[in-house]
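Letter by letter, the chains look like this.
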Amino acid sequence: MNFGNLKMYIDGKLVSSANNKTKDIISPLNDEKIANLSWGSDKDSVRALKSAKKGFELWSNTPVEVRKKWMLLFRSKILENEEILRKSISYEMGKPYAATGEDIESITNSLSYYSEIIEDYQKNKEIPDKDNSHEHQLISKPIGVVVAYLAWNFPLLNAGFKIGPALAAGCSIILKPSELSPLSLYIIGEILNEINFPKGVVNILCGNPKEVATTLSSSKTPKLITMIGSTETAKKVIADSSTSIKKYSMELGGNAPFIVFDDADLDLAVNIGAAIKFGNCGQICVAANRFFIHENIIDEFSEKLVKKAKNLKIGFDSNLDFDMGPLISFESRNRISKLIKNTIESGANLLYGGKIPKNSSKGNWFEPTVISGVNNNMNIFHQEIFGPVATLVSFKSDDEVIKSANDTKYGLASYLFTNDKKRIDRFINQLDFGEIQINGIKYDIYLPHGGIKESGVGHDCSELALDDYLVKKRITISKS
């Protein structure tokens, strides 16, 4: 499938890059060209910054009710174009068609959710005066121009996490998608252009990060830089942005422990573990990375997980249901292959997978993989795998598994399966992760999503996200 030639969206118009450069987008499904996009330069970043600055002046002074109407119109047009958006996500990153519904649901839910809650959330708050000599108010104002860097694994879900709270709060925003999956966001630019969305409020461009992102980050115009991506990329962004004092909201890398005790519902744990390990080909920031399984049940758990892996339907057809598509790139597949090889050479056991599937000469396909006998002396224990590789670690005691689970620089998601109430209370207090999900899993736009340690700052989703896009002013008036 070919989506044609698409342009950037800057200052309310579809525009070619300043140097007329374009880039072919190649599908990880079959190595075929699926689109040609205008490819931005540093000059285009400057254009976008100027546009967003003017857009902020307009949007921040637009009444909330008017902003809400624009957001809901935008939402309705996304739904009208759902089919092409879902196909673009499938082809640009290899996601099974059925799974692309999550991207559409997330961006549309974000637009409706934040348009609904912003008015109450942004109301002035009275602060009682102890001496009754003054009146105090705490008021919220939009922070300013926002630059948002998006990860490639959920192109429109990630965009929704940023654009919803930004527009609701009254900020203008520059969206820079990953160069690995920019197609669906360029189509969003076409939708914004079609409905004549207020000029400069949303800007979309992609290009070489050394030109586009460095120029955006180092500018003094942005007041908030938000991103979803790797911890190392975030450090580069923060270093580049030190030209001025900026606010940050960043959801970064993860190394999620998936802890299963021998009193847990084993089938439930296996089903959830397989879903969040092999879904999206393991390319999820909250994917289970290290499976800590109690020694009494590790053989049974391993057997059940391998069976799940063997029964996964791997492939792509928009008219058929598949469980897993390819990895995003050849480089990613090569990295994971080397990591598996190193792990086996270090003494672990390959229970299933670990290879490129037969008859897959094109695309970046890889087998779901299960490895046992992993320990904290192995590289794979400390890395965010970002692929369909489940690593099994046996443990004996609560103390042992708490120490091992926390043995990581990351602190995003964690999962616990047990029916022991005292144990649950202890793990809630001692697991060093921003999210602890117990005997189940749920994500939604109204639930806070954020990490600690080197997994980020701030939050996506929920009311907490709005705090990143707003600044507080204290107003004090003397009664005398």
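In case you missed it, the structure is sitting above this.
Report follows, based on the coordinates.

The rules behind these values
Residues numbered from 1 in each chain as written. Predicted model: local features only at pLDDT ≥ 70, side-chain atom pairs only at ≥ 80, totals over all residues. Heavy atoms only, no water. Salt bridge = Lys/Arg side-chain N within 4 Å of Asp/Glu carboxyl O. Buried < 20%, exposed > 50% of the residue type's maximum accessible area, 1.4 Å probe, protein only. Helix = DSSP H or I, 4+ residues; strand = E, 2+ residues; numbered from the N terminus. Pairing = 2+ DSSP bridges. Right-handed = clockwise from strand over helix to strand, strands pointing away. Contact = heavy atoms within 4.5 Å. Axes fitted to C-alpha atoms, helices over the stretch in contact; angles between N-to-C directions. Parallel < 35°, antiparallel > 145°, perpendicular 65-115°, else oblique. Left-handed = near helix turned anticlockwise from the far one by under 90°. 1 Å grid on protein atoms, 1.4 Å probe; cavity = no way out; pocket = protein on both sides within 12 Å on 5 of 7 lines; lining within 4 Å. Points joined across faces, edges and corners; volume = space filled by probe spheres on them. Nonpolar A, V, L, I, M, F, W, Y, C, P; charged D, E, K, R; others polar. Expected span 1.5 Å × (residues − 1).

## Structural notes on the pattern of salt bridges
Applying the stated criterion to the full structure yields 24 salt bridges. Among the salt bridges present, the one from Lys123 reaches Asp120, with a minimum N-O distance of 3.2 Å. Classification of Asp120 by relative accessible area gives exposed; the value is 52%. Between Glu232 and Lys235 there is a salt bridge whose closest N-O contact spans 3.6 Å. Of this pair, Glu232 and Lys235 both sit in helix α8 (residues 231-240), separated by three residues, roughly a single helical turn. Looking at Glu232, the relative accessible area reads 48%, which means it is partly exposed.

## Details of the pairing of strand β9 (residues 173-176)
Burial of β9 is two-sided: the residues Ile173 and Leu175 facing one way and the residues Ile174 and Lys176 facing the other way are all buried. Direction of pairing for strand β8 (residues 146-149) relative to β9: parallel, over a ladder of four bridges. Paired with Val147 across the bridge in β9 is Ile174. Taking the sense of rotation as the criterion, the β-α-β connection linking β8, helix α5 (residues 155-169) and β9 turns out right-handed. Note: β9 against strand β10 (residues 202-204), three bridges, orientation parallel. Its bridge partner being in β10, Ile173 is matched across the sheet by Val202.

## With respect to the environment of Val374
Relative to the helices and strands, Val374 resides in the loop between β16 (369-372) and α12 (379-382). According to the relative accessible area criterion, Val374 is buried, its value standing at 5%. Those residues in contact with Val374 that lie beyond four places of it in its chain are Thr343, Ala348, Ile380, Phe381, Thr391, Leu392 and Val393.

## Concerning the sheet that holds strand β18 (residues 413-417)
Read across the open sheet, the seven strands follow the order β15-β16-β17-β14-β13-β18-β19; overall the sheet is mixed. In the strand order of this sheet, the two ends are held by β15 (349-352) and β19 (435-438), each with one partner. Sheet twist, expressed as the average angle between the axes of neighbouring strands with direction ignored, equals 25 degrees. Note: β15 against β16, three bridges, orientation antiparallel. Residue pairing for β16: Leu350 is matched across the bridge by Ile371. Helix α11 (residues 330-345) contacts β15, β16 and β17 (389-395) of the sheet and is inclined by roughly 25 degrees relative to β16. Its contacts with the sheet place helix α13 (residues 398-405) against β13 (256-260), β14 (288-294) and β17, and it is angled at close to 170 degrees to β14.

## Points about the packing of helix α2 (residues 64-80) against helix α4 (residues 101-121)
Two numbers describe how α2 lies on α4: the axes approach to 10 Å, and their chain directions differ by 165 degrees. Relative to α4, the element α2 is oriented roughly antiparallel. At the point where α2 passes α4, the crossing takes the left-handed sense. Only Ile104, Ile107, Thr108, Leu111, Ser112, Tyr114, Ser115, Ile118 and Glu119 of α4 make contact with α2, whose side of the interface consists of Val64, Glu65, Lys68, Met71, Leu72, Phe74, Arg75, Ile78 and Leu79.

## Here's the deal with the layout of surface pockets
Reported here for the largest pocket is a volume of approximately 1,000 Å³. Lining the largest pocket are 37 residues, and of these Trp152, Gly229, Ser230, Thr231 and Thr233 sit closest to its centre. At the level of elements, α7 (212-218), β11 (224-228), α8 and α11 are the ones that each hand at least two residues to the lining of the largest pocket. For the lining of the largest pocket, the element with the highest residue contribution is α8, accounting for six residues. Classifying every residue of the lining of the largest pocket gives 16 nonpolar, eleven polar and ten charged. Lining the second largest pocket are 32 residues, with Glu102, Phe154, Leu157, Ile284 and Tyr443 positioned closest to its centre.

## Quick word on unusual backbone geometry
Non-glycine residue Asp31 carries a positive phi angle of around 65 degrees. Following the sequence through the fold, Asp31 ends up in the loop between β4 (22-26) and β5 (33-38). Unusually for a residue other than glycine, Cys461 sits at a positive phi of about 65 degrees. Within the element layout of this structure, Cys461 appears in the loop between β20 (456-457) and α15 (464-469).

## With respect to helix α1 (residues 42-59)
With 18 residues, α1 should cover 26 Å at 1.5 Å per step; its first-to-last C-alpha distance of 25 Å lies within 8% of that length. By the burial criterion, the buried members of α1 are Asp44, Ser45, Ala48, Leu49, Ser51, Ala52, Gly55, Phe56 and Trp59.

## Quick look at the sheet that holds strand β6 (residues 125-127)
In space, the three strands of this open sheet follow the order β6-β7-β21, with antiparallel pairing throughout. One side of each edge strand has no neighbouring strand; the edge strands of this open sheet are β6 and β21 (470-478). Neighbour-to-neighbour, the strand axes of this sheet turn through a mean angle of 25 degrees, independent of strand direction. Here β6 pairs with strand β7 (residues 134-142) via three bridges, running antiparallel.

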